[in-house]
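As a plain string of letters, each chain reads:
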Amino acid sequence: MTANRQRTLVLIKPDGVKRRLIGEVIARIERKGYSVVALKMLDADRALLARHYGEHEGKHFYEPLLEFMSSGPIVALIAEGERVIEGFRTMAGVTDPTVADPGSIRGDLARDQGTKVVQNLVHGSDSEESAIREIAIFFPELA
Ligand code: IDP
Ligand code: MG
């Protein structure tokens, strides 16, 4: 392991699975040169999502977010590589797909759907601390 080698949690949200973009997202991660080192499809229940999105509890989009994220299957994966946490966040683009840079996953493939919660295809951990916490939630068997 080199000093900057990291792991990040990526989720392909229910909109990404429904729109058959699993392959597109994984292909982008792999073409960028990151390794997928763990992968699963699951139906996330409320308890799991409440742990994952705890920082957003009480915000106006919290309930719609939990409802949306439990509305269908999601894909959880761990991507690995040097500075992958920052790298995948850049690949995903900013939260609001309307203004996410073209070239990013959200900028190329998502848009405002007029829903209470922003549907933006993917989640990526935002720091090393979040990555460790989130990987433990979705991949407890790796702990
Ligand atoms: P991130 O996914 O870009 O890290 P966060 O601020 O962590 O964004 O928010 C988690 C998720 O909650 C977003 O990806 C998006 O789906 C939703 N969300 C965030 N902010 C808003 C908002 O202001 N309105 C509606 N939905 C939001
Ligand atoms: Mg976030």
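Residues numbered from 1 in each chain as written. Chains lettered and ligands numbered in written order. Predicted model: local features only at pLDDT ≥ 70, side-chain atom pairs only at ≥ 80, totals over all residues. Heavy atoms only, no water.

A.B. asks: Lay out the environment of Met41 with the relevant residues and their values.
C.D. replies: By the secondary structure assignment, Met41 is in strand β2 (residues 35-42). Once you skip the residues sitting within four places of it in the chain, Met41 turns out to touch Val17, Ile22, Pro73, Ile74 and Val75. (Helix = DSSP H or I, 4+ residues; strand = E, 2+ residues; numbered from the N terminus. Contact = heavy atoms within 4.5 Å.)

A.B. asks: I'd like to hear about the site of ligand 1, residue by residue, with values.
C.D. replies: Every one of the 13 residues lining ligand 1 counts as a neighbour, but His56, Arg89, Thr95, Val118 and Asn120 are closest to it. Residue His56 places a side-chain N or O atom 2.9 Å away from an oxygen atom belonging to ligand 1. In the model, an oxygen atom of ligand 1 is placed 3.1 Å from a nitrogen or oxygen of the Arg106 side chain. Taken by itself ligand 1 offers 530 Å² of open surface, and the protein chains cover 80% of this. If you map ligand 1 onto the pockets, it falls in the largest pocket. Residues that form the shell around ligand 1 fall into these classes: 5 nonpolar, 4 polar and 4 charged. (Near = heavy atom within 4 Å. Polar contact = N/O pair within 3.5 Å; in protein donor to acceptor, adjacent residues only side chain to side chain. Areas by Shrake-Rupley, 256 points an atom, 1.4 Å probe, with all protein chains shown as cover. 1 Å grid on protein atoms, 1.4 Å probe; cavity = no way out; pocket = protein on both sides within 12 Å on 5 of 7 lines; lining within 4 Å. Sits in = over half its atoms within 2 Å of the grid points. Nonpolar A, V, L, I, M, F, W, Y, C, P; charged D, E, K, R; others polar.)

A.B. asks: Outline helix α2 (residues 22-32), listing residues and values.
C.D. replies: Burial in α2 covers these residues: Val25, Ile26, Arg28 and Ile29. Looking straight down α2, one finds its buried side chains confined to an arc of 155°; they lie on one side. Here the buried face of α2 lies against β1 (5-12), β2, β3 (74-82), α5 (84-92), α6 (105-109) and β4 (122-124). With its phi angle positive at about 110°, Gly33 sits one or two positions after the end of α2. (Buried < 20%, exposed > 50% of the residue type's maximum accessible area, 1.4 Å probe, protein only. Arc of directions from axis to C-beta.)

A.B. asks: Mind laying out the pattern of salt bridges, listing which residues take part and the relevant values?
C.D. replies: Oppositely charged side chains may form a pair once their charged atoms are brought near each other. Throughout the structure, instances matching the rule amount to 8 salt bridges. The shortest N-O distance in the salt bridge between Arg28 and Glu24 comes to 2.7 Å. One end of the pair, Arg28, and the other, Glu24, are both in helix α2, 4 residues apart, so they sit about a helical turn from each other. For the salt bridge of Glu63 with Arg46, the shortest nitrogen-to-oxygen distance reads 3.1 Å. Of this pair, Glu63 sits in helix α4 (residues 62-69) while Arg46 sits in helix α3 (residues 46-52); the two residues are 17 residues apart in sequence, bridging distant segments of the chain. With a relative accessible area of 41%, Glu63 lands in the partly exposed category. (Salt bridge = Lys/Arg side-chain N within 4 Å of Asp/Glu carboxyl O.)

A.B. asks: I'd like a description of the pairing of β3, backed by residues and values.
C.D. replies: Looking along a regular strand, one sees the side chains alternate between the two faces of the sheet. Taken across its 9 residues, β3 has 8 buried, putting it largely inside the fold. As paired elements, β1 and β3 share 8 bridges and run antiparallel to each other. Note on β3: the bridge partner recorded for Ile12 is Val75. For β2 and β3, the ladder comprises 7 bridges, and the chain directions are antiparallel. Along β3, the bridge assignment pairs Val36 with Ala79. (Pairing = 2+ DSSP bridges.)

A.B. asks: Summarise the nonpolar core; cite the residues concerned and give the values.
C.D. replies: Counting residues in each nonpolar core, the largest one holds 21 residues, and the members touching the most others are Leu11, Leu42, Met69, Ile74, Phe138 and Phe139. Contributions of two or more residues to this core are made by β1, β2, α3, α4, β3 and α7 (128-138). Looking at this core, the element that brings in the most residues is α4, giving 5 residues. Dropping the residues within four chain positions of it, Ile74 is found in contact with Leu11, Ile12, Lys13, Pro14, Val17, Lys40, Met41, Leu42, Ala44, Met69 and Phe138. Core analysis: the next-biggest nonpolar cluster, separate from the first, contains 20 residues, Ile29, Val75, Leu77 and Leu121 among them. (Core = buried A, V, L, I, M, F, W, Y, C linked by side-chain atoms within 4.5 Å.)

Any functional reading would require information that these geometric values do not contain.
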